[in-house]
Amino acid sequence: MGERPAILWLRRDLRLADHPALTAACASGRAVIPLFILDDQVETLGAAAKWRLGQGISSLSQAIEEKGSHLILRRGAAADVLTRLIAETGAAAVYWSRLYDPAARARDGAIEADLKARGLEVGTFPGALLFEPGMVQTGTGGFYRVFTPYWKSVRDRRVDPLVPAPARIPAPASWPASDRLDDWALGAALRRGAAVLPRYTEAGEAAALARLDVFLAGAIADYQAERDYPARAATSGLSEALAIGEIAPHRIWHAAQHARERGAGDGAETFLKELVWREFAYHLMVHTPHILTRNWREEWDSFPWNEDAQDLRVIAWTRGRTGVPFVDAAMRELYVTGRMHNRARMVVASYLTKHLLTHWRIGMEWFADCLTDWDPASNAMGWQWCAGSGPDAAPYFRIFNPETQRKTYDPQGAYVQAWVAEGQRNPPQGALDYFDAVPLSWRLAPSDLYPAPVVGLAEGRQRALAAYESYRSES
Ligand code: FAD
């Protein structure tokens, strides 16, 4: 065992299997000090994502204990925390899994340069993605702006093999001090929702692996036909585990490939493709980071969006009180569970940006606050795709009619019934949970009358088309 330990700085890679940085740390011959830092990038996460991260940290901490090690928790600027921990422990190396959003890249790049300048070994590893964003290029050396050619270029690429969790994580002779996770109060911003959300979440690597197994044993076969129906348990539900790295995309990829070979055919193929949408989102974020904050297509800057998040109709949207049942069911599912079905995400995003002519950034930020599967790249790409301002986007004039969507994808009304209590004699628990989760100041009760539509669907559609036509003729 080398005398000076290695610090393994964990961030959004809260697992032990398929973890190249952990594998390298364990193989380095050094003792390993696993570390999680509550820095400003974690501090400023949305309420639900921050709570969910806390669940993931708690679960990982237990798993690390079982490997004869400890997860050290420290709070402060990452560079300062690392400097102090290196001084305390005499660590000679710092390893981490790479992140790809601009803020993390800026922080990590500065830290890497500083540590190296001080003679420390720094190891940065893949693990969050199947394909490193910079390694996928068009024939002319550029990046892909459209999904289908991106998919074609990666679908037959080699994906890293699976790596088991280490049997033991080599421990240092003595442990540095650690904060207590409870003292971080990562769920504080959820307020009343903190009592409800745990009913809908199973955190940790073991739970993610179990969820994958359940999906492979059943729903994957019918994934292509069923995945658009929000009331059916037809998708994997793995997004929140992927978002904080409780499972590696590699494991899902290899498992789905295996299922395809065993006969899950079209379902497995479509599922692999969806998994690659996540890769595509990262590819876009790395090559065009402005996708996170500004219209990806700059010509959209002159579009007359409503930018007032306090607009009463926008507030009605956030609260699931638009009077459009499919939209309201989806917004309540989000508030109660921290997730929303993909079809429903598209419908509520279209409704906000088109029927309510509201800037996608307002919707994106609401999702960032409410989603337990919040992912910077997928959230931004999803919103810009729906709004029409993004790459490979749905054309603006293609406006989802939420009523038609409801009739097609919720033909028996099961989704709306599951989440909208008003008007039901015996509402199901999920619909009632909404009233336990929302702030009391919203003054909502299941016995309320269901609201009238805040905008007529035909009127909203006409207004959106008119705004689009005048913007096009002016630009
Ligand atoms: P499955 O259908 O089982 O798919 C498997 C995995 O593939 C998912 O877990 C996810 O990682 C990936 N995937 C599937 N569809 C997409 C997609 N359209 N874009 C990117 N990746 C995809 N996904 C997030 O993980 N975080 C977000 O913050 C997020 N915000 C979104 C916002 C909008 C407006 C829209 C339209 C979509 C957003 N998505 C986001 C994508 C998608 O809705 C979710 O990934 C999906 O609903 C998760 O459910 P699942 O795990 O059961 O997916």
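As the structure is a computational prediction, the values presented were derived from the model and not from experiment.

1. Overview of the site of the ligand
- Lining the immediate environment of the ligand, one finds 27 residues, of which Y223, T235, S236, G237 and N342 sit closest.
- Here an oxygen atom of the ligand sits 3.0 Å away from a polar atom, N or O, in the main chain of S239.
- The contact in question runs from a nitrogen atom of the ligand to an N or O atom on the backbone of R278, over 3.4 Å.
- With the chains in place, 93% of the 830 Å² that the ligand exposes on its own is no longer accessible.
- It is helix α16 (residues 376-387) that provides the largest number of residues to the shell around the ligand, a total of six residues.

2. Here we look at the domain arrangement of the protein
- As far as domains go, the protein holds domain 1 (1-128), domain 2 (129-159 + 203-287) and domain 3 (298-474).
- Centre-to-centre separation of domain 1 and domain 2, based on C-alpha positions: 26 Å.
- The interface is formed by 20 residues belonging to domain 1 together with 21 residues belonging to domain 2.
- Taking both partners together, domain 1 and domain 2 bury about 1700 Å²; carbon and sulfur atoms supply 49% of that area.
- Sorting the residues of domain 1 by area buried against domain 2 places R52, Y100 and A128 first, and these three jointly supply 37% of that buried surface.
- Between domain 1 and domain 2 we count four salt bridges in total.
- Of the charged contacts in the structure, one is a salt bridge between E240 and R52, with a shortest N-O distance of 2.3 Å.
- At the surface where domain 1 touches domain 2, the tally comes to 14 residue pairs in polar contact (both at pLDDT 80 or more).
- For the side of domain 1 that touches domain 2, the secondary-structure elements that each account for two or more residues are α3 (47-65) and α5 (102-117).
- The class makeup of the residues in the side of domain 1 that touches domain 2 is eight nonpolar, four polar and eight charged.

3. Concerning the sheet that holds strand β3 (residues 72-75)
- Sheet architecture is open: five strands sit in the order β3-β2-β1-β4-β5, paired in parallel fashion. The two strands at the open ends of the sheet, each matched to only one other strand, are β3 and β5 (121-125). Across the sheet, the mean angle separating the axes of adjacent strands is 25° when strand polarity is ignored.
- Bridge analysis of strand β4 (residues 93-97) against β5 gives five bridges, and the strand direction is parallel.

4. Structural notes on the pattern of salt bridges
- Applying the stated criterion across every chain, the model contains 32 salt bridges.
- Residues R98 and E132 are paired through a salt bridge, measuring 3.2 Å at the closest nitrogen-oxygen approach. Note that R98 is positioned in the loop between β4 and α5 and E132 in the loop between β5 and α6 (147-154), a separation of 34 residues in sequence.
- Look at R98 and you get partly exposed, because its relative accessible area is 26%.

5. Describing helix α8 (residues 205-217)
- In a regular helix each residue adds 1.5 Å, so 13 residues correspond to 18 Å; α8 covers 18 Å between its end C-alpha atoms and thus fits that length.
- Among all positions in α8, only E205, A207, A208, R211, L212, F215 and L216 are buried.
- Those residues of α8 that are buried lie in contact with α3, α9 (223-226), α10 (239-243) and α11 (249-287).

6. Notes on the packing of aromatic side chains
- For the coordinates displayed, the defined rule picks out 34 aromatic pairs.
- Plain terms: the ring middles of Y468 and Y471 are 6.1 Å apart, the flat faces sit at 35° to each other, and that makes the pair tilted. Of this pair, Y468 and Y471 both sit in helix α20 (residues 457-474), separated by three residues, roughly a single helical turn.
- Taken together, W300, F303, W305, Y396, Y468 and Y471 form an aromatic cluster joined through their ring pairs.
- The ring of Y229 carries R232 above its face, with NZ or CZ at 3.9 Å from the centroid.
- Over the aromatic face of Y396 sits the side chain of K354, whose NZ or CZ is 5.0 Å from the ring centroid.

7. Points about the side chain of T353
- Positionally, T353 belongs in helix α14 (residues 342-355).
- A relative accessible area of 0% places T353 in the buried class.
- Filtering out sequence-adjacent residues up to four positions away, T353 remains in contact with W305, T358, W360, W383, C386, A387 and Y396.

8. Considering the packing of α6 against α11
- Direction vectors running N to C along α6 and α11 enclose 125°, while the axes themselves pass 10 Å from each other. Here α6 lies oblique to α11, going by the angle between them. Considering only the axes of α6 and α11, their crossing is right-handed. Together, F147, Y150, W151 and V154 of α6 and W253, E269, L272, K273, V276, W277, E279, F280 and H283 of α11 make up the contact between the two elements.
- Residues of the contact of α6 with α11, tallied by class, amount to nine nonpolar, one polar and three charged.

9. Side note on the environment of W175
- By the element assignment, W175 lies in the loop between α6 and α7 (181-184).
- In contact with W175, not counting residues within four places along its chain, are V32, I33, P34, S69, H70 and I72.

10. What about the environment of A195?
- On the secondary structure map, A195 appears in the loop between α7 and α8.
- Judged by relative accessible area, A195 falls into the exposed class, the value being 54%.
- Residues A195 and D433, spaced 238 residues apart in sequence, show a C-alpha to C-alpha distance of 9.8 Å.

Rules used throughout
- Residues numbered from 1 in each chain as written.
- Predicted model: local features only at pLDDT ≥ 70, side-chain atom pairs only at ≥ 80, totals over all residues.
- Heavy atoms only, no water.
- Near = heavy atom within 4 Å.
- Polar contact = N/O pair within 3.5 Å; in protein donor to acceptor, adjacent residues only side chain to side chain.
- Areas by Shrake-Rupley, 256 points an atom, 1.4 Å probe, with all protein chains shown as cover.
- Helix = DSSP H or I, 4+ residues; strand = E, 2+ residues; numbered from the N terminus.
- Domains from an automatic or database assignment.
- Contact = heavy atoms within 4.5 Å.
- Buried area = accessible area lost by both parts, 1.4 Å probe.
- Salt bridge = Lys/Arg side-chain N within 4 Å of Asp/Glu carboxyl O.
- Nonpolar A, V, L, I, M, F, W, Y, C, P; charged D, E, K, R; others polar.
- Pairing = 2+ DSSP bridges.
- Axes fitted to C-alpha atoms, helices over the stretch in contact; angles between N-to-C directions.
- Buried < 20%, exposed > 50% of the residue type's maximum accessible area, 1.4 Å probe, protein only.
- Expected span 1.5 Å × (residues − 1).
- Phe/Tyr/Trp six-rings, centres within 6.5 Å; stacked < 30°, edge-to-face > 60°.
- Lys NZ or Arg CZ within 6 Å of the ring centre and 35° of its normal.
- Parallel < 35°, antiparallel > 145°, perpendicular 65-115°, else oblique.
- Left-handed = near helix turned anticlockwise from the far one by under 90°.

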